[in-house]
Amino acid sequence: MEKKDLDWGNLPFSYMKTDYSYVCNYKDGEWGEGFLTEDHSLQISECAGILHYCQEVFEGLKAYTTEDGRIVCFRPDLNAQRMADSAERLCMPVFPQDKFVEAVKMVVKANQAWVPPFGSGATLYVRPFMFATGDVIGVKPADEYQFRILVTPVGPYFKGGDTAVTLGIAKYDRAAPHGTGNIKAGLNYAMSLKPGMEAHANGYAENLYLDSQSRTYVEETGGANVLFVDKEGNLVVPQSFTDSILPSITRRSLVTVAKDFCDMTVIERPVKWEEVLNGDFVECGLCGTAAVISPVGHIEDGETVVTFPDGAETSGPVMKKLRSTLTGIQAGAIQGPEGWVVEIA
Ligand code: PLP
Ligand code: COI
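Draft legend 1. The arrangement of the environment of Glu59 in detail. Relative to the helices and strands, Glu59 resides in the loop between strand 4 (56-58) and strand 5 (61-65). Residues contacting Glu59, with those up to four places away along its chain left out, are Asn79, Arg82, Met83, Phe100, Tyr125, Val126, Arg127, Pro128 and Lys184.

Draft legend 2. Molecular detail of the packing of aromatic side chains. Enumeration according to the criterion identifies 15 aromatic pairs in this entry. On the numbers, 5.1 Å between centres and 65° between planes, the contact of Tyr26 with Trp31 is edge-to-face. For the pair Tyr26 and Trp31, a shared accessibility class is recorded, and that class is buried. A ring pair is formed by Phe228 and Phe281, whose centres lie 4.6 Å apart and whose planes are at 25°; its orientation type is stacked. Of the two residues, Phe228 sits in strand 11 (residues 225-230) while Phe281 sits in strand 14 (residues 281-288), which places them 53 residues apart along the sequence. Residue classification places Phe281 among the buried residues on the basis of a relative accessible area of 2%.

Draft legend 3. Seen up close, unusual backbone geometry. For Asp28, which is not a glycine, the phi torsion comes out positive at approximately 50°. Positive phi, close to 55°, is recorded for Cys54, a residue that is not glycine. Secondary-structure assignment places Cys54 in the loop between helix 1 (49-53) and strand 4.

Draft legend 4. How the structure looks around the pattern of salt bridges. Scanning the entire structure with this criterion turns up nine salt bridges. In this structure, Glu102 and Lys105 form a salt bridge, with 3.9 Å as the shortest nitrogen-oxygen distance. Of this pair, Glu102 and Lys105 both sit in helix 3 (residues 97-110), separated by three residues, roughly a single helical turn. You can call Glu102 partly exposed: its relative accessible area is 46%. Among the ionic pairs, Lys194 bridges to Glu198, the shortest N-O distance being 3.8 Å. Of the two residues, Lys194 and Glu198 are both situated in helix 4 (residues 186-201); the distance of four residues between them amounts to about one turn of the helix. Note on Lys194: relative accessible area 49%, which makes it partly exposed. A network of salt bridges, in which partner residues are shared, links Asp68, Arg70 and Glu343.

Reading the values: the criteria
- Residues numbered from 1 in each chain as written.
- Chains lettered and ligands numbered in written order.
- Predicted model: local features only at pLDDT ≥ 70, side-chain atom pairs only at ≥ 80, totals over all residues.
- Heavy atoms only, no water.
- Helix = DSSP H or I, 4+ residues; strand = E, 2+ residues; numbered from the N terminus.
- Contact = heavy atoms within 4.5 Å.
- Phe/Tyr/Trp six-rings, centres within 6.5 Å; stacked < 30°, edge-to-face > 60°.
- Buried < 20%, exposed > 50% of the residue type's maximum accessible area, 1.4 Å probe, protein only.
- Salt bridge = Lys/Arg side-chain N within 4 Å of Asp/Glu carboxyl O.

See the structure below:
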């Protein structure tokens, strides 16, 4: 398969049109036959539900080339499940899990020439999304939807490689209304744009969001879950009382990797911002499909600066070990749990 002539090692994390997208429409209470299209634009009614009441959910996963030249993706069944949960919360029809995984395979296979080569640092980002196309004027769910998958080759989300980033503490919530932060709906990301822009203007790579009810507990950032390592070397994974942390597939995989592959103790519990301020943690990292595991060196809250001593400049030893094990499983160099790596071509 002839690859596209791209500068794979220097791709930004941005959108570029590829050959095909996948489309499937929902009408009269059922999903139709899905198909590939070369048309990358849409025409929808001015009264479509997405434009008025924001019925839109999305997912993100990656396809990549393994060391031995196969094209694979990572746990797409969990993206299908999370999209079903997101859709249910917004009164949208569920796109069936087997159909979702087949659609991912179909669109990635059709765009094989766009899957970056092994070792380039780039991947094919796969973005399934679903939105209301049916007309609504009263506040109610639409009755027609489109499920679509676009794919685009991307480079790393955080540009500095293994250089540790600094986070700020967000002044606003990242989800609307409270308690919807556990779904991947475009609406939540719209709510995070203003605090995100302010964080960047203040020199921070990202915001750390605190729980919206008490502003006492650590939640996550705008595009990744957060992980800590305590002084005993345990992996500490923040949990939410209000179920408003996105159930990151990378984070859930890392919990297994830490326990079963790195022989670590994992503690999943609510984490107070105060504990971070007290210097209880020696490493911090962000994890997600886009972020993979990116080191956090400092978190600032106004005049107060928290430094993670074992990873202040680059990844500390625990984050490094977790990252090499997870990426080793993804690349096929380490045998991971059954079903994690799904072969496409
Ligand atoms: N948290 C938020 C808010 C995200 O947007 C993402 C990215 O999808 C994640 C966490 C990480 O989730 P995952 O590991 O499933 O990509
Ligand atoms: C992902 O990691 O897939 C996301 O959706 C995060 C987004 C900020 C790009």
